[in-house]
Amino acid sequence: MRIPIIAGNWKMNKTTAEAVTFVQSLKKELGQLSDRLCVICPPFTALLSVAQELKGSGIEWGAQNLFWETEGAFTGEISSRMLKEIGASYCILGHCERRKILKETDEMVHRKVKKALAEGLSPIVCVGERLEEREKGITFDVIKSQVTQDLEGLKKEEVLRCVLAYEPVWAIGTGRNATPLQAQEVHAFIRKLLGEQFGEEAASKVRIQYGGSVKPDNIDELMAEDDVDGALVGGASLDIKSFARIVNFKV
Ligand code: 13P
């Protein structure tokens, strides 16, 4: 059985003070979760304070990026070792905003995935097609190319520690979510790819989140799909009531 995983990607939002207030409320809203996992990914500056606030709560946390080298002259970058030292469990990698704005390639994402795994972090690896790619009918080719390159050469044990996130670029921050059927179709395809590349165990155990305009009013129908194992939530994760409702999706 795959334990559903709902993650909040705060992107470049919330000061440390705002983040702490938010997680204090979140702990009260959620209580102890038993059949699902909640992960918060705040900006780097808020990580340590959020980590302290979340101790013992069962809510996990992670970063939104890391660099593939261990240390050295890489101005502005953060290493997996630094994240591990403060207790991070997860790290979002390959988000389409980084691919688009910062020109991150699959080769770069792959190096980051390797580094995260080597340090004991679980990468949340984001893939997804752009609108023009969907319209051209090449969604599956794009997804296959991203998954294959981002996870290239990983051992099965490493893949089992990854979470994949299907985030169609056209659904991010647009209010236009993929329909449950569209999500299911791509999730099933990703699962098939995992099976072909890493074997049945990886296919059946790796969790695949959906991301892109997830809201309280569409989470239940998305989670009802067989291969949707969670959500990576942007805008709606910034509001306590919305996010708590999403984490408390109804099965
Ligand atoms: P929105 O939920 O704001 O569409 O963002 C999704 C996302 O990018 C999560 O990583």
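Since this is a predicted model, take the numbers as computed values, not measurements.

**What to know about the layout of surface pockets**
- A volume near 410 Å³ is recorded for the largest pocket.
- Space inside the second largest pocket adds up to approximately 210 Å³.
- Lining the second largest pocket, in full, are Cys96, Arg99, Lys100, Glu104, Thr105, Asp106, Gly128, Arg130, Glu133, Val142, Gln146 and Val169.
- Contributing elements (two or more residues each) for the lining of the second largest pocket: helix H4 (96–101) and helix H7 (139–150).
- The element that contributes the greatest number of residues to the lining of the second largest pocket is H4, accounting for three residues.
- In terms of residue class, the lining of the second largest pocket is made up of three nonpolar, three polar and six charged.

**Points about the side chain of aspartate 150**
- Of note, aspartate 150 is situated in helix H7.
- A distance of 2.8 Å separates the side chain of aspartate 150 from the side chain of arginine 99, its partner in a polar contact.
- If sequence neighbours within four positions are ignored, aspartate 150 has contacts with Arg99, Asp106, Val109, His110, Val113, Val125, Cys126 and Val127.

**A closer look at the site of the ligand**
- In the vicinity of the ligand, the contacting residues are Asn9, Lys11, His95, Glu167, Ala171, Ile172, Gly173, Gly212, Ser213, Leu232, Gly234 and Gly235.
- The separation between an oxygen atom of the ligand and a polar main-chain atom of glycine 173 is 2.6 Å.
- Relative to its free-state accessible area of 310 Å², the ligand is covered by the protein chains to the extent of 96%.
- When grouped by side-chain class, the residues that make up the shell around the ligand number three nonpolar, seven polar and two charged.

**Some thoughts on the pattern of salt bridges**
- All chains considered together, the criterion is met by 21 salt bridges.
- Across the pair glutamate 71 and arginine 81 runs a salt bridge whose closest N-O atoms are separated by 3.1 Å. Taken as a pair, glutamate 71 in the loop between strand E3 (60–63) and helix H3 (80–85) and arginine 81 in helix H3 lie far apart in primary sequence, ten residues in all.
- One salt bridge connects lysine 192 with glutamate 196, and the closest N-O pair in it is separated by 3.4 Å. Separated by four residues within a single helix, lysine 192 and glutamate 196 lie in helix H9 (residues 180–198), roughly one turn from each other.
- Residue lysine 192 is classed as partly exposed on the basis of its relative accessible area, which comes to 48%.
- Glutamate 196 gets classed as exposed once you look at its relative accessible area, which sits at 52%.
- Connected through salt bridges with shared partners, the residues Arg2, Arg191, Asp227 and Asp229 form a single ionic network.

So, how was this worked out
Residues numbered from 1 in each chain as written. Predicted model: local features only at pLDDT ≥ 70, side-chain atom pairs only at ≥ 80, totals over all residues. Heavy atoms only, no water. 1 Å grid on protein atoms, 1.4 Å probe; cavity = no way out; pocket = protein on both sides within 12 Å on 5 of 7 lines; lining within 4 Å. Points joined across faces, edges and corners; volume = space filled by probe spheres on them. Helix = DSSP H or I, 4+ residues; strand = E, 2+ residues; numbered from the N terminus. Nonpolar A, V, L, I, M, F, W, Y, C, P; charged D, E, K, R; others polar. Polar contact = N/O pair within 3.5 Å; in protein donor to acceptor, adjacent residues only side chain to side chain. Contact = heavy atoms within 4.5 Å. Near = heavy atom within 4 Å. Areas by Shrake-Rupley, 256 points an atom, 1.4 Å probe, with all protein chains shown as cover. Salt bridge = Lys/Arg side-chain N within 4 Å of Asp/Glu carboxyl O. Buried < 20%, exposed > 50% of the residue type's maximum accessible area, 1.4 Å probe, protein only.

Just geometry here; none of it tells us what the structure is for.
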